[in-house]
Amino acid sequence: MQLRVTVDGHEVVTDALGESMTGVPAEPDMHFRAGSVAFAHIGTALLQLVEEGRVRLDDTVERWLPDLPKADRITLRMLATNTTGLHDYVTDPAFGAELEAHPFRAWTPEELVAYPLRHSFWYEPGTNWSYSHANYVLLIAALEKITGVRIDTFVKERVTGPLGLRDTRNNFTPEIPRPALHAFTSDRGLYEESTFWNPSWTTAPGAVITTHICDLAGSARAIGSGELLSPRSYRTLLDPGTVGLGGATAKCPASICLKQTEAKHFGFGVIVINGWVLQNPSFSGYAAIQAYLPSERLAIAVSATKTATTPDGNMAQEIAKRIAADLAPGTPLDIV
């Protein structure tokens, strides 16, 4: 595991514990996959476009995604906040079987989105909440048409570049910059190395990122404080209209259409829990979390990998919860 904690941007601790591989100690400068942290960056960049009057959050997407069913009812806001009603291809058994059998496969956006489009929508767009990786695959496609630039360039110009996150970058291949923190998993029933499994399935090309722990803490602070946004956009980041949505229907079970409350809800590319602003990627043996508590100006970044006996779940998240319990005992980082 690797961790970094800052208060008001000042270092409290930066460290690494355990091994990257047998006999190779983990070090704080090792790079790892950051998954959905990219969604926080993309959400912030989209809000900047809105501030500039380039688009509106409630613009429907048929002009950019004309082949998407219900495109005349799906808005940019819905894609960014997971309120379209699209199924999640990651939980589709057919997709899971293909991914398990071929972990090195390179996926295209069209192949990924084809899985949810085999199903009817869970609900009418904008009327409920359910997580779907397909939403950000589609949002990225829309943003590339809106801006005329690739998503990796767009995010670098808008977020990672201005924040000086030089070690946070997109990778079009399974490469990880050296030194790399190696990952292992038992996802396929045996304990094996998964460091260079192809991560193209996690989102669209141009947004498959790697980072290191110092950049992750910097991202936590900047995104969580709204450093790159106006006060109005920052309020949207924290609640873009998701609070109050969610809940089981005749078509959507409670395990899919999750209730969004003031205490726990999905924001604009981020998750908000008891005032903490976070993202918590976990896949293919890698786990991480960036979390920021604005009231305390406290940033926590953790990355973790798995041994053969590690319990299921995001262990970086569990470590962050313990750190939060010590440093902000009145505001639990209570992630379920």
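For the structure itself, consult the block above.
All residue numbers here refer to positions counted from 1 along the written sequence of the relevant chain. Where local features are concerned, this predicted model is filtered to residues with pLDDT of at least 70; where side-chain atom pairs are given and counted, the filter is 80 or more; whole-chain, interface and lining totals use all residues. The side-chain quantities take in all heavy atoms of the structure and omit both hydrogens and water.

Enquirer: It is not clear to me how the pattern of salt bridges should be interpreted in this structure. Could you clarify?
Expert: Whenever Lys or Arg places a side-chain nitrogen within 4 Å of a carboxyl oxygen from Asp or Glu, that contact is recorded as a salt bridge. This model, assessed by the stated rule, comprises 16 salt bridges. As a salt-bridge pair, Arg105 and Glu111 come within 3.2 Å of each other at their nearest N and O atoms. Throughout this description, buried means an accessible area under 20% of the type-specific maximum (1.4 Å probe, protein chains only), exposed means over 50%, and partly exposed covers the range between. Residue classification places Arg105 among the partly exposed positions, given a relative accessible area of 26%. According to the relative accessible area criterion, Glu111 is partly exposed, its value standing at 29%. Salt bridges here are not isolated pairs; linked through shared partners, they connect Lys70, Asp72, Arg73 and Glu124.

Enquirer: When you look at helix α5 (residues 133-147) in this model, what are you seeing that I'm missing?
Expert: Counting along an α-helix, one turn takes 3.6 residues, and residues three or four places apart therefore face a common direction. A run of H or I in DSSP becomes a helix once it reaches four residues, and a run of E becomes a strand once it reaches two; helices and strands are each numbered from the N terminus. One fewer than the residue count of a helix, multiplied by 1.5 Å, yields its expected span. Here α5 contains 15 residues, and its C-alpha end-to-end distance of 22 Å stays within 8% of the 21 Å for a straight helix at 1.5 Å per residue. Within α5, burial applies to His133, Ala134, Asn135, Tyr136, Val137, Leu138, Leu139, Ile140, Ala142, Leu143, Ile146 and Thr147. Residue contacts are counted whenever heavy atoms from the two residues lie within 4.5 Å of one another. Buried residues along α5 sit in contact with α1 (37-51), α2 (76-81), α4 (109-114) and α6 (151-160).

Enquirer: How should I be thinking about the side chain of Asn314 in this particular structure?
Expert: For Asn314, the location among the structural elements is in the loop between β15 (298-304) and α9 (315-327). Identification of polar contacts relies on pairs of N or O atoms within 3.5 Å, with a donor-acceptor requirement for protein atoms, meaning one able to donate a hydrogen and the other able to accept it, and with residues adjacent in sequence counted only if both atoms are side-chain atoms. A distance of 3.2 Å separates a polar side-chain atom of Asn314 from the backbone oxygen of Pro281. A distance of 3.0 Å separates the side chain of Asn314 from the backbone nitrogen of Ala316, its partner in a polar contact.

Enquirer: Can you walk me through the pairing of strand β12 (residues 276-279) in this structure?
Expert: The two faces of the sheet receive side chains in turn, since in a regular strand these alternate between them. Covered by surrounding structure in β12 are Trp276 and Leu278 together with Val277 and Gln279, the residues of both alternating faces. Pairing between strands is defined by DSSP: at least two bridges between them are needed. Relative to β12, strand β11 (residues 271-273) runs antiparallel, the two sharing 3 bridges. Within β12, the position partnered with Ile273 by the bridge is Trp276. Following β11, the chain reverses through 2 residues before pairing antiparallel with β12; Asn274 in that reversal takes a positive phi of roughly 50°. As paired strands, β12 and strand β14 (residues 286-293) are joined by 3 bridges and run antiparallel to one another. Within β14, the residue paired with Gln279 across the bridge is Gln290.

Enquirer: Even after reading the chapter, I still don't get the nonpolar core, so can you show me in this structure?
Expert: Here, the term nonpolar core denotes a set of buried Ala, Val, Leu, Ile, Met, Phe, Trp, Tyr and Cys residues that are joined through side-chain atoms within 4.5 Å. Ile42, Leu46, Val61, Leu139 and Leu143 are the most contacted members of the largest nonpolar core, which has 74 residues in total. Val61 has contacts with Pro66, Leu68, Ala71, Ile74, Thr75, Leu76 and Leu79, leaving out every residue within four places of it along the chain. Listed in part, the 25 residues of the second largest apolar core include Val5, Ile271, Ile273 and Ala291.

Enquirer: Help me understand the state of the cysteines, please; the structure alone is not making it clear to me.
Expert: What we call a disulfide is simply a covalent bond connecting the sulfur atoms of a pair of cysteines. Pairs of cysteine sulfur atoms within 2.5 Å are what we label disulfides. All chains considered together, the criterion is met by 1 disulfide. The side chain of Cys252 participates in a disulfide bridge whose partner is Cys257; the two sulfur atoms lie 2.0 Å from each other. In this structure, the disulfide formed by Cys252 and Cys257 twists by about 105° around the S-S bond and is classed as right-handed. By the burial criterion, Cys252 is buried, and Cys257 matches it.

Enquirer: Would you take a moment to explain the packing of α1 against helix α7 (residues 213-225) for this structure?
Expert: Describing two packed helices takes the angle between their axes plus the distance from one axis to the other. The N-to-C vectors of α1 and α7 enclose an angle of 40°; their axes lie 11 Å apart at closest approach. Judged by the twist between their axes, the crossing of α1 over α7 is left-handed. From α1, Val37, Ala40, His41 and Thr44 reach across to α7, where they touch Leu216, Ser219 and Ile223. Taken together, the residues of the contact of α1 with α7 sort by class into 4 nonpolar, 3 polar and no charged. Axis definition: a line fitted to C-alpha atoms, over the contacting stretch in the case of helices. Angles run 0 to 180 degrees between N-to-C directions. Note: crossing handedness is left-handed where the near helix turns anticlockwise from the far helix by less than a right angle, and right-handed where it turns clockwise. When residues are sorted by character, Ala, Val, Leu, Ile, Met, Phe, Trp, Tyr, Cys and Pro go into the nonpolar class, Asp, Glu, Lys and Arg into the charged class, and all the rest, Gly among them, into the polar class.

Enquirer: Help me understand the layout of surface pockets in this model?
Expert: In this approach the atoms are scanned with a rolling probe the size of a water molecule, which exposes any empty space left behind. Here the term cavity refers to a set of points on a 1 Å grid, laid over the protein atoms alone, in which a 1.4 Å probe fits but cannot get out; the term pocket refers to an open set having protein on both sides within 12 Å along at least five of seven lines, with lining residues being those that place an atom within 4 Å of a point. Grid points are joined across faces, edges and corners, and a volume is the space filled by probe spheres set on the points. Computed from the structure, the second largest pocket encloses a volume of approximately 390 Å³. The wall of the second largest pocket is formed by 20 residues, among which Leu65, Pro109, Glu110, Leu138 and Ala141 lie closest to the centre. Only α4 and α5 provide two or more residues apiece to the lining of the second largest pocket. Broken down by element, the residue count for the lining of the second largest pocket peaks at 6 residues, all from α5.

Enquirer: Would you take a moment to explain the packing of α1 against helix α8 (residues 231-238) for this structure?
Expert: The contact between α1 and α8 brings their axes to 10 Å, and the two run at 140°. Between α1 and α8, the angle falls in the class oblique. In this structure, the crossing between α1 and α8 has a hand that is right-handed. Mapping the contact onto sequence places Thr44, Leu47 and Glu51 in α1 and Ser233, Thr236 and Leu237 in α8. Note that the term roughly parallel is reserved for angles under 35 degrees, roughly antiparallel for angles over 145, roughly perpendicular for angles of 65 to 115, and oblique for everything else.

Enquirer: Got a minute to help me understand the sheet that holds strand β9 (residues 209-211) in this structure?
Expert: Two strands in a sheet stick together by hydrogen bonds in their backbones, pointing the same way (parallel) or opposite ways (antiparallel). Strand order in this open sheet of 3 strands is β5-β9-β6, and the pairing throughout is antiparallel. Strands at the two margins of the open sheet, each flanked by one partner only, are β5 (32-33) and β6 (169-170). As judged from the 2 bridges shared by β6 and β9, these two strands associate in the antiparallel manner. Bridging across to β9, Arg169 finds its partner in Thr210.

Note that all results are geometric; they support no functional claim without further evidence.
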